Amino acid sequence: MERGTVSVLSGPTGVGKTTLGMQIMRTAALQGERAVVYSFEEQPRILKHRCRSLSMPLDDLLEQDQLHIETVEAVSYSPDELSHSVREEVEINNTRLVMLDSLSGYKLSVGRLSVAGDDVVERLHALCRYLVSRGVTVLILNEIASIAGNEVRATDSGISYLADTIVMLRYVEFNSELRKTIGVLKKRTSDFERSLRAFEITPNGLNVGEPLKGLQGILHGQPHFVDTHRNQTAPEEKTI
């Protein structure tokens, strides 16, 4: 992730967006970059407990103030107050990474003061432009409504144009089980790998598997193997 860019982690509920986001923020903090998480949905104690159970402890980083988790009550914060808080954090503490978890919480904060849906994107655009101009790396977590289906959308809020990078997390049904996949949809600053890979959240951390070759229909949630060699015996069923 290049400095001064906006990245979006997009996926349905429970797929691992927050966990992946916290791993990114934790890694940056361990490398000496001050990172701040604005959490609209979870209390810091819950995030700390979850990360500890996945071998991603945050306690030392929080004590050293290298990582900070700011709880945002969307119904109590106005969008201007939130924007002011973020700007103050960056200017006073030289924060280098900012994560908004999630866009739905941000929308609730902005939307309660305006009936115009475009205001959400416009305000977020203004905030991101300010942060990028300061060389801050921005991470936005976006929840899409559908768990699986024929309609494949990068985001549900029309914010794709704001993102320099979009990482997609998706569920797939395979052998009557729900599995997770990860892939990059967009990256403005460089070329990127186009393979979809298996994604696992384990007690030992996050695992990204080998490319899921020979499968179609992954983004629709129902992958199936295809025989790429005509006149040859179809491959045996495999698992991901």
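Scroll up to find the structure.
Residues numbered from 1 in each chain as written. Predicted model: local features only at pLDDT ≥ 70, side-chain atom pairs only at ≥ 80, totals over all residues. Heavy atoms only, no water.

Asker: Any chance you could explain the nonpolar core here in plain terms?
Answerer: Burial of nonpolar side chains together is a common tendency in soluble globular proteins. If you look at the biggest cluster of nonpolar residues, it comprises 29 residues, and the most contacted ones within it are Tyr38, Leu82, Leu124, Leu131, Ile140 and Ile159. Broken down by secondary-structure element, the contributors of at least two residues to this core are β1 (6–11), β2 (35–39), α4 (79–93), β4 (97–101), α5 (103–111), α6 (118–133), β5 (137–143) and β6 (165–174). Here this core takes seven residues from α6, the largest share from any one element. Each residue touching Leu82, except ones within four places of it in the same chain, is listed here: Tyr38, Phe40, Val72, Tyr77 and Tyr106. Grouped together as the second largest cluster of nonpolar side chains are 27 residues, Val15, Val37, Leu47 and Leu67 included. (Core = buried A, V, L, I, M, F, W, Y, C linked by side-chain atoms within 4.5 Å. Buried < 20%, exposed > 50% of the residue type's maximum accessible area, 1.4 Å probe, protein only. Helix = DSSP H or I, 4+ residues; strand = E, 2+ residues; numbered from the N terminus. Contact = heavy atoms within 4.5 Å.)

Asker: Help me understand α4, please; the structure alone is not making it clear to me.
Answerer: Owing to its 3.6 residues per turn, the α-helix brings residues three or four apart onto one side. With 15 residues, α4 ought to run about 21 Å at 1.5 Å a step, and its terminal C-alpha atoms sit 21 Å apart, in line with that. All of the buried residues along α4 are Pro79, Leu82, Ser85, Val86, Glu89 and Val90. Down the axis of α4, the smallest arc covering the buried residues is 125 degrees, so these residues share one side. Exposed side of α4, more than 90 degrees from the buried face: Asp80 and Ile92 are the residues found there. A positive phi of about 55 degrees marks Asn94, the residue just after α4. (Expected span 1.5 Å × (residues − 1). Arc of directions from axis to C-beta.)

Asker: Explain the sheet that holds strand β7 (residues 177–187) here, please?
Answerer: Strand-to-strand pairing in sheets goes through backbone hydrogen bonds, with the strands running parallel or antiparallel. Taken in spatial order, the nine strands of this open sheet run β3-β2-β4-β5-β1-β6-β7-β8-β9, and their pairing is mixed. Edge strands, defined here as strands with exactly one partner in the open sheet, are β3 (67–71) and β9 (205–211). Pairwise comparison of adjacent strand axes, ignoring direction, gives a mean angle of 20 degrees for this sheet. Relative to strand β8 (residues 197–202), β7 runs antiparallel, the two sharing two bridges. (Pairing = 2+ DSSP bridges. Axes fitted to C-alpha atoms, helices over the stretch in contact; angles between N-to-C directions.)

Asker: Would you mind going over the packing of aromatic side chains with me for this structure?
Answerer: Pairs of aromatic rings are described using the distance from one ring centre to the other and the angle between the two planes. Scanning all chains against the criterion turns up zero aromatic pairs. Here Arg87 stacks its cationic end above the ring of Tyr130, 4.1 Å away from the centre of that ring. Sitting over the face of the ring of Phe192, Arg194 holds its NZ or CZ atom 4.4 Å from the ring centroid. (Phe/Tyr/Trp six-rings, centres within 6.5 Å; stacked < 30°, edge-to-face > 60°. Lys NZ or Arg CZ within 6 Å of the ring centre and 35° of its normal.)

Asker: For this particular structure, what's the right way to read the layout of surface pockets?
Answerer: In this approach, a probe sized like a water molecule rolls over the atoms, and the result shows the empty space that is left. Taken as a whole, the largest pocket encloses approximately 320 Å³ of empty space. Considering the residues around the largest pocket, the lining is formed by 16 residues, among which Thr165, Val167, Ile182, Gly183 and Val184 are closest to the centre. Among the elements of the structure, β1, α1 (17–30), β6 and β7 are those that each provide at least two residues to the lining of the largest pocket. With four residues, the single largest contributor to the lining of the largest pocket is β7. Counted by class, the lining of the largest pocket contains nine nonpolar, four polar and three charged residues. (1 Å grid on protein atoms, 1.4 Å probe; cavity = no way out; pocket = protein on both sides within 12 Å on 5 of 7 lines; lining within 4 Å. Points joined across faces, edges and corners; volume = space filled by probe spheres on them. Nonpolar A, V, L, I, M, F, W, Y, C, P; charged D, E, K, R; others polar.)

Asker: Is there a simple way to explain the pattern of salt bridges in this structure?
Answerer: Opposite charge on two side chains makes pairing possible when the charged atoms of those side chains draw close. Here the structure, examined in full by the defined rule, presents eleven salt bridges. Close ionic contact of Arg194 with Asp191 constitutes a salt bridge, the shortest N to O distance being 2.9 Å. When sorted by exposure, Arg194 lands in the same class as Asp191, which is exposed. Shared partners join several salt bridges into a network, and the residues in it are Arg34, Asp65 and Glu89. (Salt bridge = Lys/Arg side-chain N within 4 Å of Asp/Glu carboxyl O.)

Asker: What exactly am I supposed to notice about the pairing of β6 here?
Answerer: Consecutive side chains along a regular strand alternate between the two faces of the sheet. Where burial is concerned, most of β6 is hidden: nine out of the ten residues are buried. With four bridges joining them, β1 and β6 adopt parallel strand pairing. Along β6, the bridge assignment pairs Ser10 with Met168. Hairpin remark: β6 followed by β7, antiparallel, with two residues in the connecting loop; positive phi at Asn175, about 55 degrees.

Asker: I'm lost on unusual backbone geometry in this one. Help?
Answerer: Note: most residues except glycine have negative phi, and most peptide bonds are trans. The omega angle of the peptide bond from Asp101 to Ser102 is 10 degrees, so this bond is cis rather than trans. In this fold, Ser102 is placed in the loop between β4 and α5. One non-glycine residue, Ser55, adopts positive backbone phi at about 60 degrees. Examined against the element boundaries, Ser55 turns out to sit in the loop between α2 (44–53) and α3 (59–63).

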